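Examination of the molecular architecture
The lines below spell out each chain.
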Amino acid sequence: MSEARIDKWLWAARIFKTRSLAADACKNGRVMMGGMNVKPSRPIKEGDVIDVRKPPVTYSFRVLKCIEMRVGAKVLPEIYENVTDPKQYELLEMSRISGFVDRARGTGRPTKKDRRQMEAFIDPVLFGFDDDEEDEE
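One structure accompanies this document, and this report is about it. Note that this is a predicted model, so its numbers are computed, not measured. Along each chain, residue indices are assigned from 1 in the same order as the chain's sequence is written. Predicted model: local features are reported for residues with pLDDT of at least 70 only, side-chain atom pairs are reported and counted for 80 or more only, and whole-chain, interface and lining totals are derived from all residues. Neither water nor hydrogens contribute to the side-chain values; these are computed over all heavy atoms in the structure.

1. Notes on the overall build of the chain
Rules: Secondary structure follows DSSP: runs of H or I at least 4 residues long count as helices, runs of E at least 2 residues long count as strands, and numbering of each begins at the N terminus. The contact rule is simple, with two residues in contact once any of their heavy atoms fall within 4.5 Å. Here the accessible surface of atoms and residues is derived via Shrake-Rupley with a 1.4 Å probe, and residues count as covered only by protein chains that are part of the display.
Within the chain one finds six helices and seven strands. Within the chain, residue pairs in contact and separated by at least 24 positions form 45% of the contacts whose partners lie at least 6 positions apart. For the chain, the exposed surface amounts to about 9900 Å²; the carbon and sulfur share of it is 55%.

Here you go:
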């Protein structure tokens, strides 16, 4: 059986964009095996299950092949199996939806719709100022 460093494998399997991002994730406790945090130099072997926390979801991957050289996206099904709990994807969808729904009105920049409503409110034509000037003559 072959072995590979976990940070190199995470990069080669395209879970992280760069190897340094993969190493930082390991150092910051976002990569686990068997519920334990792992160091970037931790060797992995085929059959290991790796948990990667990318808030708000924790992804789980079963290692099918140990590699240290980056491969194309088409080859990924041969490299790992995604064994993430379906509840994690529900959590991701809920957070994606709530990001728009939970925004308190009046916080942050006005939307384009808000801006149009403000301009329509402030526009003097709506108050009939032009009509009043004609009536006075």
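2. Some thoughts on the side chain of T84
Spelled out, the test is: Remark: exposure states derive from per-residue accessible area (1.4 Å probe, protein chains only) relative to the maximum for the residue type, with buried under 20%, exposed over 50%, and partly exposed in between. For this analysis, a polar contact is any N or O atom pair within 3.5 Å, provided that within protein one partner can donate a hydrogen and the other can accept it, and provided that sequence-adjacent residues contribute only side-chain to side-chain pairs.
Examined against the element boundaries, T84 turns out to sit in the loop between β7 (80-82) and α4 (86-101). Look at T84 and you get buried, because its relative accessible area is 10%. Looking at T84, its side chain comes within polar contact range of the main-chain nitrogen of S60, at 3.0 Å. Separated by 2.5 Å, the side chains of T84 and N82 make a polar contact. The contact partners of T84, leaving out residues within four places of it in the chain, are T58, Y59, S60 and Y89.

3. Looking at the nonpolar core
A general trend in soluble globular proteins is that nonpolar side chains are found buried together. Where we set the bar: Buried residues of nine kinds, namely Ala, Val, Leu, Ile, Met, Phe, Trp, Tyr and Cys, make up a nonpolar core once their side-chain atoms join them within 4.5 Å.
The biggest cluster of nonpolar side chains holds 28 residues, and the ones touching the most others in it are I6, W9, L10, I15, I44 and I50. Elements with a minimum of two residues in this core: α1 (6-12), α2 (19-27), β2 (31-33), β5 (49-54), β6 (57-63) and α3 (76-79). If near-sequence neighbours (up to four positions away) are discounted, I50 is found in contact with I6, W9, L10, V31, M32, M33, I44, Y59, S60, F61 and V63.

4. Things to note about the packing of aromatic side chains
To be explicit about the condition: Working definition: a ring pair exists when centres of Phe, Tyr or Trp rings (six-membered ring for Trp) sit within 6.5 Å. Plane angles under 30 degrees give stacked, over 60 give edge-to-face, the rest tilted.
Evaluation of the coordinates by the stated rule reveals four aromatic pairs. Here the aromatic rings of Y59 and Y89 are separated by 6.2 Å at their centres, their planes lie at 65°, and the arrangement is edge-to-face. Of this pair, Y59 sits in strand β6 while Y89 sits in helix α4, and the two are 30 residues apart along the sequence. Judged by centre distance (4.9 Å) and plane angle (75°), the ring pair of F61 and Y80 falls under edge-to-face.

5. Focus on unusual backbone geometry
In this chain, P55 is followed by P56 through a cis amide linkage whose omega measures 5°. Among the secondary structure elements, P56 is positioned in the loop between β5 and β6. Positive phi outside glycine occurs at R14, with the angle close to 65°. As for its placement among the helices and strands, R14 is situated in the loop between α1 and α2. Residue R14 is classed as partly exposed on the basis of its relative accessible area, which comes to 39%.

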